[in-house]
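Residues per chain, in single letters:
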Amino acid sequence: MAALLALTTAGCAFDHRKQIAYNLLYRPDGMEYNAVFSAALNARFPPGSPVTDLEKFTSAVGGECHTNPPGPEVCEFQTRGSFCRVRLITIHVTARTGNIEAIRLHVGGLGC
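Residues numbered from 1 in each chain as written. Predicted model: local features only at pLDDT ≥ 70, side-chain atom pairs only at ≥ 80, totals over all residues. Heavy atoms only, no water.

## Section: the pattern of salt bridges
Thought 1: The final tally for this structure, using the stated rule, is 4 salt bridges.
Thought 2: Between Arg 27 and Asp 29 there is a salt bridge, and its shortest N-O distance comes to 3.2 Å.
Thought 3: Between Arg 96 and Glu 101 there is a salt bridge; the shortest N-O distance is 2.7 Å. (Salt bridge = Lys/Arg side-chain N within 4 Å of Asp/Glu carboxyl O.)

Next comes the structure, spelled out in structure tokens:
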């Protein structure tokens, strides 16, 4: 512990947040841990959260949300892609008066 403290106070810095987040969400083969993604999104946007918070998050990661009445709002963002292939996270939102009641996650891919 003292060595760690000495390194951080001596000007050496590190930041492993991205690697930690990636390794929590993705398997070694690069595919998503669906249950972990779902748990993370449900923890980040629990029932009662404003739908606008999820919409802002989705926009910040390059995705978009839309509503297909009478169905629920759907938010989608791409996690990776290449020529004619894309991995897609789809979030189905059940809401009432602008607040989330439940979210359901689907992880999949599209190709041509």
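Additional details are given in the paragraphs that follow.
## Things to note about a nonpolar patch on the surface
Thought 1: On the surface, a cluster of nonpolar side chains totalling about 350 Å² of accessible area is made up of Ile 20, Leu 24, Tyr 33 and Val 36.
Thought 2: Along the polypeptide, Leu 24 turns up in helix α2 (residues 17–25).
Thought 3: Judged by its relative accessible area of 53%, Leu 24 is exposed. (Patch = residues over 30% accessible without salt bridge, like charges linked within 9 Å, V, L, I, M, F, W, Y side chains within 5 Å. Areas by Shrake-Rupley, 256 points an atom, 1.4 Å probe, with all protein chains shown as cover. Helix = DSSP H or I, 4+ residues; strand = E, 2+ residues; numbered from the N terminus. Buried < 20%, exposed > 50% of the residue type's maximum accessible area, 1.4 Å probe, protein only.)

## A few points about the packing of aromatic side chains
Thought 1: Under the counting rule described, the total for this entry stands at 4 aromatic pairs.
Thought 2: Here Phe 57 and Phe 77 contribute two aromatic rings whose centre-to-centre distance is 6.0 Å and whose plane-to-plane angle is 85°, an arrangement assigned as edge-to-face. With Phe 57 in helix α4 (residues 51–60) and Phe 77 in strand β2 (residues 73–82), this pair connects stretches of sequence that are 20 residues apart.
Thought 3: Each residue in the set Tyr 22, Tyr 26 and Phe 37 is aromatic and connected to the rest through ring pairs, giving one cluster. (Phe/Tyr/Trp six-rings, centres within 6.5 Å; stacked < 30°, edge-to-face > 60°.)

## Regarding the pairing of strand β3 (residues 85–96)
Thought 1: Taken together, the 9 bridges between β2 and β3 define a ladder with antiparallel strand orientation. Note that in β3 the partner of Glu 73 across the bridge is Val 93.
Thought 2: By the bridge criterion, 12 bridges tie β3 to strand β4 (residues 99–111) in an arrangement that is antiparallel. Bridging from a neighbouring strand, Thr 90 pairs with His 106 of β4.
Thought 3: Connecting the antiparallel pair β3 and β4 is a turn made up of 2 residues, with Thr 97 showing a positive phi of about 50°. (Pairing = 2+ DSSP bridges.)

## Some remarks on the nonpolar core
Thought 1: In terms of nonpolar packing, the biggest core is built from 14 residues, with Leu 54, Ile 89, Ile 91, Val 93, Ile 100 and Ile 103 touching the most fellow members.
Thought 2: When contributions to this core are tallied by element, the ones reaching two or more residues are α3 (34–44), α4, β2, β3 and β4.
Thought 3: Contact partners of Ile 103, with chain neighbours within four places excluded, come to Leu 41, Asn 42, Phe 45, Leu 54, Ile 91, His 92 and Val 93. (Core = buried A, V, L, I, M, F, W, Y, C linked by side-chain atoms within 4.5 Å. Contact = heavy atoms within 4.5 Å.)

## Thoughts on the environment of Ile 103
Thought 1: Here Ile 103 lies in strand β4.
Thought 2: Once the C-alpha coordinates of Ile 103 and Asn 42 are considered, the two residues, 61 residues apart in sequence, prove to be 6.8 Å apart.

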